[in-house]
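# Inside the fold
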Amino acid sequence: EALTDPIWRALDDPLALRDGTGAYFDRSVGLGEAVTIAFRMQPDRRADQVVLERMPREGASGWSVRLTRAGGLVFHIGSVADHTDLVASEAYAAATATHVACVFDRGTARLYLDGREVAVRHGIPHRTEDRTAIGTLVDKHRASSGQPYAGVLQGVRVHNRALADKEITALATP
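It should be emphasised that the depicted structure is a prediction, and the values quoted were computed from it without experimental measurement.

The rules behind these values
The residue count restarts for each chain, going from 1 along the sequence in the order it is written. In view of the model being predicted, local features appear only for residues whose pLDDT reaches at least 70, and side-chain atom pairs are presented and counted only at 80 or more, with totals across whole chains, interfaces and linings using the full set of residues. Hydrogen atoms and water are omitted, and side-chain values are computed over all heavy atoms in the structure. Each helix is a run of H or I in the DSSP string that is no shorter than four residues. Each strand is a run of E no shorter than two, and both are numbered from the N terminus. In what follows, a contact means two residues having at least one pair of non-hydrogen atoms within 4.5 Å. Under the convention used here, a 1.4 Å probe and the Shrake-Rupley method define accessible areas, while residue burial counts only the protein chains that appear. Aromatic pairs are defined between Phe, Tyr and Trp rings, using the six-membered ring for Trp, whenever the two ring centres lie within 6.5 Å; interplanar angles under 30 degrees are classed as stacked, those over 60 as edge-to-face, and all others as tilted. Only lysine NZ and arginine CZ atoms are considered, and such an atom sits over a ring when it is within 6 Å of the ring centre and within 35 degrees of the ring normal. Among the buried residues, those of types Ala, Val, Leu, Ile, Met, Phe, Trp, Tyr and Cys that are joined through side-chain atoms within 4.5 Å form a nonpolar core. Whether a residue is buried, partly exposed or exposed follows from its accessible area with a 1.4 Å probe, protein chains only, as a fraction of its type maximum: under 20%, in between, or over 50%, in that order. Salt bridges are counted wherever a side-chain nitrogen of Lys or Arg sits within 4 Å of a carboxyl oxygen of Asp or Glu. By the convention used here, strands pair only if DSSP detects at least 2 bridges between them.

### Looking at the overall build of the protein
- Counting secondary structure elements, the protein contains one helix and 14 strands.
- Counting only contacts in the protein whose residues sit at least 6 apart along the sequence, the fraction spanning at least 24 positions is 66%.
- Entry remark: accessible area of the protein is about 7900 Å², with carbon and sulfur atoms responsible for 47%.

Laid out in structure tokens, this is it:
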């Protein structure tokens, strides 16, 4: 069964991102009660880095996907000032390819690594819908905190719905 087309898609071919340049996505992307952000990454190093985000400074809505220098992956839901984080520790290694999927659906967040669910959190009071912040992919001038991502990204997709487990598994399968 084919996946429905994502609302925004980029980098079907691997792209090395090391100079902090970025891409932007439309304000209609990553909105609503549900969202799925999926991509394959191969970071150059372990560091505090922002991969993708739609993150306003204030309010209770927005999202970002970040890496930590300890090897963790953070799905940040809400704004810079008011948010809830779902964290998967030891989620990645430098120079190793990993498929990531972050799903938010009406108060429940899930993190998937290489097609397997590794973290879930229910009862999140924040939302992903934000019409004020522009969506960014690796931009040194707009990253809300941390450094922009440095490494290889491929197959970046943002859906305005929660993908099912089998759809995430299909995306994660090389």
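### Quick word on the packing of aromatic side chains
- Taken as a whole, this structure holds zero aromatic pairs when the rule is applied.
- Geometry around Y92 places R46 over its ring, the cationic atom sitting 5.9 Å from the centre.

### A look at the nonpolar core
- By size, the foremost hydrophobic cluster in this structure holds 28 residues, and its most contacted members are I37, F39, M41, L73, F75, C102 and L111.
- Considering each element in turn, this core owes the most residues, four residues, to strand β4 (residues 34-43).
- Counting seven residues, the second-largest nonpolar core is a separate cluster that includes A101, Y112, I168 and L171.

### Focus on the environment of E53
- Turning to its location among the elements, E53 is positioned in strand β5 (residues 49-54).
- With relative accessibility at 3%, the residue E53 sits in the buried group.

### Some details on the pattern of salt bridges
- In total, this model carries six salt bridges according to the counting rule given.
- Measuring nitrogen to oxygen at the nearest pair gives 3.1 Å for the salt bridge that ties R46 to E90. Of the two residues, R46 sits in the loop between β4 and β5 while E90 sits in the loop between β8 (83-88) and β9 (98-105), which places them 44 residues apart along the sequence.
- For the salt bridge of D105 with R106, the shortest nitrogen-to-oxygen distance reads 3.1 Å.

### Regarding the pairing of β8
- Residues of β8 alternate between two faces, with T84, L86 and A88 buried on one and H83, D85 and V87 left unburied on the opposite face.
- Across six bridges, the pairing between strand β7 (residues 73-78) and β8 is antiparallel. Bridging across to β8, F75 finds its partner in L86.
- Counting the residues in the hairpin turn of β7 and β8 gives four residues.

### Observations concerning the pairing of strand β11 (residues 116-121)
- Where strand β10 (residues 108-113) and β11 come together, five bridges link them in antiparallel fashion. Residue pairing in the sheet places L113 in a bridge with R116 of β11.

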